[in-house]
Amino acid sequence: MNQTVTSDYKMNAYQTLPLPVIIINPCVDSFKVTFLNKEAEQLLSVNSGLIIESHFSKWIFRLFSESKVDLHQQLQQVCIHKENKKIVSCKLNTGDTVQGDRYFDIILSPSIDEQGVVVQIITLLYEVTENRITQQNDSAILTLLHQKDKFLRETQRVARNGTWEIDRNTNNIIWSDMLREIYEVGPDFELNFNSALSFFKDENSRRRLSEAVDATLRSGKIFDLELPVLTAKGNEAWLKITGKADLAGGVCTRLYGVTQDITENRKIREALSASLEKLNSLIQTVDGIVWEADAETFQFTFISNQVENILGYTAGEWLNDPDFWTSHIYPDDRVQALNYCIAQTQLKQNHTFDYRMVKSDGSIVWIRDLVSVIVQKDKPTLIRGIMV
């Protein structure tokens, strides 16, 4: 078979290939295009008659302009080293906004004769758009996961929240970095249920935690405890521990939860409780009946214990009956006292008025009521006062 027949045979073979093929003359100065099959013409929207003898690297660069690879240099390397070169994920400038971006791997393959001379360079275009999109999606998902992980770690640090999980096979415990920080242990601290339990200050706390864990292992229900601990560095802290077990066929497959450092919150709550106790003690020692009621219904929401010393009724009796105050005003004073208090309250005016009340023993006593009207959004919501 002569050279012309062989060449024609190859060209026919290239023409029938189901992927774009471009044949290049290996002249190191120009690398001119000598052949395009129909797949290449259709893909690149060109007529082979207009492209033949054109400079390949300049022409193809216009179509793959975003590729930062020096195509001319790559072609020279193919001729010198006589081996394939692959240029990956080159974006094709189709100008088709409907179809969107398309990506191709460009394979440069030397065709070598019997004397070892490169007689042509076969260029194949493999479409890798789906792989590229998958990689981009995977990269976007990975970036999002990193962002969410960073947000979670920062949120845990701000809220002083740490997560934990117990391996039911080994009884080992997995702690998040934040939880290790809360317990003040290093990354090499060996964790298991017993070592974790040792941080709890007293036997009662250890017992409550053990019982809560046992209960959730049986039922799968959430437990929620606030317990004192002594950290690895000897610092006292209060922790809010929430846990849950996942069950399958009645068998625990996973035990996990969240632990929050509530030491500062606990201090604030204790300080507030102490302040309220002091305030309540002060109110109870005032030589008068301190009270609070709804400004619309006049139902009492608070009354001090002095009511028992002055009128003979308990605070419970007063608060359990919505009409207790009005029904125990002396009948001759009831309408006037009630109407006056209602009118002044609607006017959002603090007021003082005198009336008689019936004591628990049936005797009559004069009361002076000093009332403050609490206004929110230009509407009276509460009335507070002291009866003397």
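Residues numbered from 1 in each chain as written. Predicted model: local features only at pLDDT ≥ 70, side-chain atom pairs only at ≥ 80, totals over all residues. Heavy atoms only, no water.

Novice: Would you explain the pattern of salt bridges in this entry?
Specialist: Working definition: two side chains of opposite charge can pair if their charged atoms are close together. What the rule picks out here adds up to 18 salt bridges. For the salt bridge of Asp105 with Lys86, the shortest nitrogen-to-oxygen distance reads 3.6 Å. On the criterion of sequence distance, the pair formed by Asp105 in strand β4 (residues 102-112) and Lys86 in strand β3 (residues 85-92) is long-range, its members being 19 residues apart. Judged by relative accessible area, which is 9%, Asp105 ranks as buried. Classification of Lys86 by relative accessible area gives exposed; the value is 53%. Here Glu292 makes a salt bridge to Arg384, at a shortest N to O gap of 2.6 Å. In this pair, Glu292 sits in strand β11 (residues 289-294) while Arg384 sits in strand β15 (residues 379-387), placing the two residues 92 residues apart along the sequence. For Glu292, a relative accessible area of 19% puts it in the buried group. Of the residues examined, Arg384 reaches a relative accessible area of 38% and is grouped as partly exposed. Three or more residues joined by partner-sharing salt bridges are found here, namely Glu165, Lys244, Asp246 and Arg254. (Salt bridge = Lys/Arg side-chain N within 4 Å of Asp/Glu carboxyl O. Helix = DSSP H or I, 4+ residues; strand = E, 2+ residues; numbered from the N terminus. Buried < 20%, exposed > 50% of the residue type's maximum accessible area, 1.4 Å probe, protein only.)

Novice: When you look at the side chain of Ser205 in this model, what are you seeing that I'm missing?
Specialist: By the secondary structure assignment, Ser205 is in helix α9 (residues 203-219). Owing to a relative accessible area of 3%, Ser205 belongs among the buried residues under this scheme. Not counting the four nearest positions on each side in its chain, Ser205 is found in contact with Phe200, Leu227 and Pro228. (Contact = heavy atoms within 4.5 Å.)

Novice: Honestly, the environment of Arg269 in this entry has me stumped. Any pointers?
Specialist: Checked against the element boundaries, Arg269 lands in helix α10 (residues 263-285). In this structure, Arg269 is in contact with Glu226 and Ile262, ignoring residues within four places of it in sequence.

Novice: Before we go on, may I ask you to explain unusual backbone geometry in this structure?
Specialist: It is generally the case that most residues other than glycine have a negative phi and that most peptide bonds are trans. Positive phi, close to 55 degrees, is recorded for Ser45, a residue that is not glycine. Considering the arrangement of structural elements, one finds Ser45 in the loop between α2 (38-44) and α3 (48-51). Classification of Ser45 by relative accessible area gives exposed; the value is 65%. Positive phi, normally seen in glycine, also occurs at Glu184, with a value near 60 degrees.

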